[in-house]
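Each chain is listed here by its residues.
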Amino acid sequence: MADADRAEQRREQPVSGWTRVSVSYCQYDVSAVPGETGMPIYTLGDGLLHVGGPYQFTGFCGVHTGGIEVRARVLPGPPTEVEDGWDAISEATLWSPFGEMSVVGLMGGPPDALTDLTVPRGLVRVRVHARNRLHESVRTDQDPPEQHELHIWAVTEETRRRTVLAGPDDRDWEQKPAKAAEWALLSLVADDEDGEDLDRVTVVRHRPAPVEVPATVLPAGDLAIRLEHVDDETLRWTWTTADRPVFPEPLATLPDGELSTVRLTSGPDGFTLRHEGVLGRHAFALGVIWDHLLDSPGSYPWAETPHRLPSPS
């Protein structure tokens, strides 16, 4: 990425005004590539947002059907503190290949003020703030409008979704890491897009205790992933064709022809895995796969559902 582009990304953009977004089923969509589908909702998320793939997440409202106020702010870097005055705050990482982002109500088109917002190209972190999330069954004309504010900044590392501030009435959604890992692996196998001209990125995962990452071959239908030790703290990740393909005419196109590096470090605050040099559009899926491999070693939920094409949705 050119120095001029980085300087432009560091420049803080003005805050957009409050814009009415029509929501349905207590939901709206934030997307860097509108129309792209991902994993099913209610798979990975909290009471404020559910991630759906590299480009998209769903935000949750108190209003079931009606309007909320939304505005966005592009920051030159990560916020130094958590802002007061909000009832719930959560954040996630998205891949923004075109430097645009839109907020869309499920049953209506995106408002002009929140369509193709200019954001940094590449990985971005999005922090969602919400307040006044009253269900319409208890909302009165005297209540302030429900408001959601997005803070967006450029990052070079894909990190897990996290709850910064849990809402007082947030539902404790059941997480489905195995289902998410299955979707993630199959989405990579089905990826036949050309490479991107953007910088490659790093997937980072942290655990409070040491985790062993053995050298192995991960099954992936007609393909496979080889993890080979370089030394005690470094592995090489390589896509290859499977020794025993699943289909009569096996898939031969690799999602990524370049090898990438996995680095493992332990310290007083725990264990950190860094998967370096991955394609940006693959970072989310690889993060989901690593979450499963670290927490459920030796378990490959995608192996019993071999897929070749098309991409799962």
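Heads up: the structure comes first, above all this text.
The structure presented is a predicted model; accordingly, all values stated were derived computationally and were not measured. (Residues numbered from 1 in each chain as written. Predicted model: local features only at pLDDT ≥ 70, side-chain atom pairs only at ≥ 80, totals over all residues. Heavy atoms only, no water.)

A. Main features of the sheet that holds strand 8 (residues 117-118). Taken together, the five strands give an open sheet; going across it, the order is 3-4-2-7-8, and neighbouring strands pair in antiparallel fashion. The two strands at the open ends of the sheet, each matched to only one other strand, are strand 3 (49-51) and strand 8. (Pairing = 2+ DSSP bridges. Helix = DSSP H or I, 4+ residues; strand = E, 2+ residues; numbered from the N terminus.)

B. Representation of the packing of helix 2 (residues 177-189) against helix 3 (residues 283-295) within the structure. Where helix 2 contacts helix 3, the axes come no closer than 8 Å and their chain directions differ by 140 degrees. What the angle tells us is that helix 2 and helix 3 run oblique. The interaxial crossing formed by helix 2 with helix 3 has left-handed handedness. Note on element contacts: helix 3 touches helix 2 through F284, A285, L286, V288, I289 and H292, opposite P177, A178, A180, A181, W183, A184, L185, S187 and L188. In terms of residue class, the contact of helix 2 with helix 3 is built from 13 nonpolar, two polar and no charged. (Axes fitted to C-alpha atoms, helices over the stretch in contact; angles between N-to-C directions. Parallel < 35°, antiparallel > 145°, perpendicular 65-115°, else oblique. Left-handed = near helix turned anticlockwise from the far one by under 90°. Contact = heavy atoms within 4.5 Å. Nonpolar A, V, L, I, M, F, W, Y, C, P; charged D, E, K, R; others polar.)

C. Focus on the pairing of strand 9 (residues 122-131). The buried count for strand 9 comes to nine of ten residues, which makes it a mostly enclosed element. Across eight bridges, the pairing between strand 9 and strand 10 (residues 147-154) is antiparallel. What sits directly across from R127, in strand 10, is H151. (Buried < 20%, exposed > 50% of the residue type's maximum accessible area, 1.4 Å probe, protein only.)

D. Structural detail: the environment of S96. Position of S96 relative to the elements: it lies in strand 6 (residues 88-96). Take S96: its relative accessible area is 0%, and that puts it in the buried class. Apart from residues no more than four positions distant in its own chain, S96 is found in contact with A32, V119, P120, R121, G122 and V124. From its side chain, S96 meets the backbone oxygen of P120 in a polar contact 3.2 Å long. (Polar contact = N/O pair within 3.5 Å; in protein donor to acceptor, adjacent residues only side chain to side chain.)

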